[in-house]
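# A closer look at the structure
Here is how the chains run, residue by residue.
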Protein chains: 2
Amino acid sequence: MKDSDNTEAEEHQEDAYGLDRRRVAAILFAVERRDRETLLALMDPLHAADIADLLEQINAYDRGRLIRLYDREFDGEILSELDESIREEVMQVLNPAVLAEAVRDLDSDDVVDLVEDLDASEQAAILDVLEDADRVAVEQSLSYPENSAGRLMQREVVMAPQHWTVGAAIDHMRSADELPEQFYHVVLVDPRLKPVGNVTLGCIMAAKRDVALADISEETFQVIPVGQDEEDVAYAFNQYHLISAPVVDEDGRLVGVITIDDAMAVLDEEHEEDILRLAGVGEGSLSDRVRDTTKQRFPWLAVNLVTAILAALVISLFENTIAAFVALAALMPIVASMGGNAGTQSLTVAVRALATRDLTGANLWRVIRREVLVGLVNGLIFAVMMGAVGVFWFGSWSLGGVIAAAMVINLVVAGLAGIAIPVILDRIGVDPALASGAFVTTVTDVVGFFAFLGLAAVFLI
Amino acid sequence: MKDSDNTEAEEHQEDAYGLDRRRVAAILFAVERRDRETLLALMDPLHAADIADLLEQINAYDRGRLIRLYDREFDGEILSELDESIREEVMQVLNPAVLAEAVRDLDSDDVVDLVEDLDASEQAAILDVLEDADRVAVEQSLSYPENSAGRLMQREVVMAPQHWTVGAAIDHMRSADELPEQFYHVVLVDPRLKPVGNVTLGCIMAAKRDVALADISEETFQVIPVGQDEEDVAYAFNQYHLISAPVVDEDGRLVGVITIDDAMAVLDEEHEEDILRLAGVGEGSLSDRVRDTTKQRFPWLAVNLVTAILAALVISLFENTIAAFVALAALMPIVASMGGNAGTQSLTVAVRALATRDLTGANLWRVIRREVLVGLVNGLIFAVMMGAVGVFWFGSWSLGGVIAAAMVINLVVAGLAGIAIPVILDRIGVDPALASGAFVTTVTDVVGFFAFLGLAAVFLI
């Protein structure tokens, strides 16, 4: 037993985190045999986050059996680590007593995360099992807008009057009945509870007892308004290397604190959203069922169908040209496809730069100029290459010239559209990651086919 | 002066972080007039990260003038926040004495970040200005592989023997000559310097003096091997909600510690890399010049040209069919384009799931089955729609049938290729974000044109 455990641990190490296949297989085998003891032994070394991953990766039938066999061992943290798509299913499978116990174990911010997407009756059922103080805290958090700092923060804060010394702070903390599970700073506040500084516990440890806290507070001090969007919160943590930051209400009074691990999770989610939206995939995860996935993918494909039909209409304008010179049919998708790709490159860089706030009024015109120039240079290079293909493949200098000219036109337009469309969408308040792709490929398809076939109609026929 | 400053501060607040346009304009105006005093007043409230952003957003000429006017105020931290693309340029503009001072101010891990991409002679010039102890630390870090935990860690660690009590740890820390600027844990070590646990400073504050440190050490304890890839480090921090983690050498001995802010920066870079690679854009940033950007974009466009020519060859096989029924030329890009989009959806979900380790041996077959089914269902829906378009637009039931059948075939193939290609690339050690797009669109283009025109050749002519 010991030996096989070691090998498993080593393999685990090699793959650096994540679940290893053999353990998953062993767990499923234990579930199959209803062997609770082996199951518990196998699950024991796993972190709640890994158990959540495991539940996401197996099918619904195995999931149900595993949860029922695991029973009382089911920890609240597993619930908060679970992907939303299967969290509700898991909560329905769980024994109500186990669920109540699991929820009671959680911090108030995790309970908020757990219940915020449930409908009212399910929400009430969960909140009912909480102690009064916790329930009030959760309800208060739920009163802040979704995706705001208020939903993200923990309410337990360690604070000190701004005139205190290191010694006073240490004595206060060491005599406190209860300190938050996670805290890295003491927040300095003025008499009206307005935060005025942040002192790390490390600095408190390093300083002499009679040093004023105000003298060792951190240089970088950012206060987060409770209504601020969580995306901005994550940006501030990443930009200013914050570890924790005080959250204030409209009057500037301290109401909670956000720690970097929550900000990191938000950053990760925002990235996921951007990357999926750029590909035209709605919110979703691997554990979603066929029906949900089909629904998520459908809208973008429908938009693309409209784009494609528009392009087909452009082509059909030139049916006579194509009938006269059928080689055009083979060559025309090349120009459109190159434009689509170049446009996607520009728009991705633009969307990313907007998200990281690197694209601003100060450099917009320079970036536009650069994108157009890059389109022009690459357009010229590929024009020469495709022109040569046209000449050698079809032996026609005019065909080579037409495809070369269309290539340059479409790559310049692609650069321009790739930067202008996301910027415009951003200015009018639409997420550029969501809609830019459809607009840009429409432009490059229409311009690509129109330029190529139009020039062909003029110069070849 | 006061008033205008306030308004600016408020505006700044509204836009939630980042630079505001008016301040950038005022700074450039001060540079124009060579008004050092105003420049310093305007720059003073800015965080080093914001100053770095400012330098990235203005053009090279203004950048040089600003740096020369700012002169001795130039802080080392600005250098480490700067994007690599302009960092070298800035270092060349800086007065050598200012540069030396700036570098001496930095922590050793920041110096490593600064010099790791310089060539040997430039690297030596920078290292020469460091004090001996610092230089040795930097050189040691540089001896670890690029992008490894060794490059990321700070060498200053607060540790305690595993048998110590809370009181002993507090006395030790409070009497230490120097503690690291940033630390959140005391690492427990055994007599051979092997880390065996992590105790947060918060827990030490909350516990009584005679409690053993081992009894209040964190439940989740992850040790990072010094050679581990930084991507895996970031994954571990995000997955297990770590704040700091000890780094060990091959013998398991403690050599440093990595903190979450560095892991968050890596996570952010990895995401940037993924999102840009998926769009066929190499490493790069907005501040790159036209020449660099053109070079970054060229390879993917060249690959796409090959794909497009391949598709053109497929089309040219059917020139007779198209000549006989020229409407096919207008309709054929629709099937290819829908396949390309559906394939991109699948591959993006797959690439993301591979990055977050949500796609494993345990659920691979289920995910493949799901992608194919989603392709089939969406394929059938769009087949009906496009079939109807074929019938009404061209009045031909057989044309409608051909386009419908080609649509179903291509969307099923797109789902299959979209999941299989990234998984295969990942298994053979190629970054799926980098190359999947080219392969998947090749497949969907070729299959799309071949299925549509091939069916048309059989059933329409």
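Rules used in this analysis
- Residues numbered from 1 in each chain as written.
- Chains lettered and ligands numbered in written order.
- Predicted model: local features only at pLDDT ≥ 70, side-chain atom pairs only at ≥ 80, totals over all residues.
- Least-squares fit on C-alpha atoms with pLDDT ≥ 70 in both.
- Pairing = 2+ DSSP bridges.
- Helix = DSSP H or I, 4+ residues; strand = E, 2+ residues; numbered from the N terminus.
- Contact = placed C-beta atoms within 7 Å.
- Axes fitted to C-alpha atoms, helices over the stretch in contact; angles between N-to-C directions.
- Domains from an automatic or database assignment.
- Buried ≥ 20, exposed ≤ 12 C-beta atoms within 10 Å, placed from the backbone.
- Nonpolar A, V, L, I, M, F, W, Y, C, P; charged D, E, K, R; others polar.
- pLDDT = per-residue confidence, 0-100.
- Expected span 1.5 Å × (residues − 1).
- Arc of directions from axis to C-beta.

By a simple turn and slide, chain A fits onto chain B: the slide is 0.0 Å along the axis, the RMSD is 0.1 Å, and the turn is 180°. The symmetry that links the two subunits is that of a two-fold axis.

The strands making up a sheet associate through hydrogen bonds between their backbones, and the pairing can be parallel or antiparallel. Residue and element names in this part refer to chain B. Across the sheet, three strands lie side by side as β4-β5-β6; this open sheet has mixed pairing. The two strands at the open ends of the sheet, each matched to only one other strand, are β4 (224–225) and β6 (254–259). Relative to strand β5 (residues 244–248), β4 runs parallel, the two sharing two bridges. The residue of β5 that forms the bridge with Pro-225 is Val-248. Each of β5 and β6 is contacted by helix α16 (residues 260–278), which is oriented at about 65° to β6, the strand it contacts most.

Moving on, we come to the domain arrangement of chain A. Interfaces are frequently sized by the accessible area removed from exposure as the parts join. Looking at the assigned domains, one finds that chain A contains domain 1 (2–105), domain 2 (159–278) and domain 3 (290–459). Taking the mean C-alpha position of each, domain 2 of chain A and domain 3 of chain A sit 47 Å from one another.

Residue and element names in this part refer to chain B. When you tally the buried positions in β5, you get five out of five residues, the bulk of the element. Residue alternation in β5 divides its side chains into two sets, Ser-244, Pro-246 and Val-248 and Ala-245 and Val-247, and both sets are buried. In this sheet, β6 lies alongside β5 in antiparallel orientation, the contact comprising five bridges. Within β6, the residue paired with Pro-246 across the bridge is Val-257. Adjacent in sequence and paired antiparallel, β5 and β6 are bridged by five residues, among which Gly-252 carries a positive phi angle near 80°.

Our next topic: unusual backbone geometry. Residues and elements named next belong to chain A. Despite not being glycine, Arg-34 has its phi angle at roughly 55°, a positive value. Within the chain, Leu-193 stands out as a residue other than glycine whose phi angle is a positive 70°. The topology assignment puts Leu-193 in the loop between β2 (185–189) and β3 (195–200). Judged by local crowding, Leu-193 falls into the partly exposed class, with 15 C-beta atoms found within 10 Å.

In this section: the interface of chain A and chain B. Taken together, the contacts link 99 residues of chain A with 99 residues of chain B. Residues of the side of chain A that touches chain B, tallied by class, amount to 57 nonpolar, 26 polar and 16 charged.

Residue and element names in this part refer to chain A. The topology assignment puts Asp-110 in helix α9 (residues 108–115). Of the residues examined, Asp-110 has 19 C-beta atoms within 10 Å and is grouped as partly exposed. As for Asp-110 and Lys-208, which are separated by 98 residues in sequence, their C-alpha atoms are 37 Å apart.

What follows is about the confidence of the model for chain A. Reading predicted coordinates in detail is not appropriate for stretches of low pLDDT. All names here are of chain A. Of the residues in chain A, 96% have a pLDDT of 70 or more, and the chain-wide mean is 89. Confidence over residues 1–14 falls short of pLDDT 50; this stretch has five contacts with residues more than four positions distant or in other chains. For this predicted complex, the interface score ipTM comes out at 0.86, while the overall pTM is 0.86.

Before going further, it helps to examine helix α2 (residues 21–32) of chain B. For an α-helix, 3.6 residues make a turn, and residues three or four places apart therefore share a direction. Residue and element names in this part refer to chain B. For α2, with twelve residues, the first-to-last C-alpha span of 16 Å sits near the 16 Å given by 1.5 Å per residue. Listed in full, the buried residues belonging to α2 are Arg-23, Ile-27, Ala-30 and Val-31. Down the axis of α2, the buried set is contained in an arc of 100°. They therefore lie on one face. Within α2, the exposed residues directed more than 90 degrees away from the buried face are Ala-25 and Glu-32. Arg-34 sits one or two residues past α2 and shows a positive phi near 55°.

Looking now at the sheet that holds strand β3 (residues 195–200) of chain B. All names here are of chain B. In spatial order, the strands read β1-β2-β3; together these three strands make up an open sheet with mixed pairing. Both edges of this open sheet fall to β1 (159–161) and β3, since each of them pairs with a single strand only. Strand-to-strand twist in this sheet, taken as the mean axis angle between neighbours without regard to direction, amounts to 30°. Here five bridges tie strand β2 (residues 185–189) to β3, and the two strands are oriented antiparallel to one another. The residue of β3 that forms the bridge with His-185 is Thr-200.

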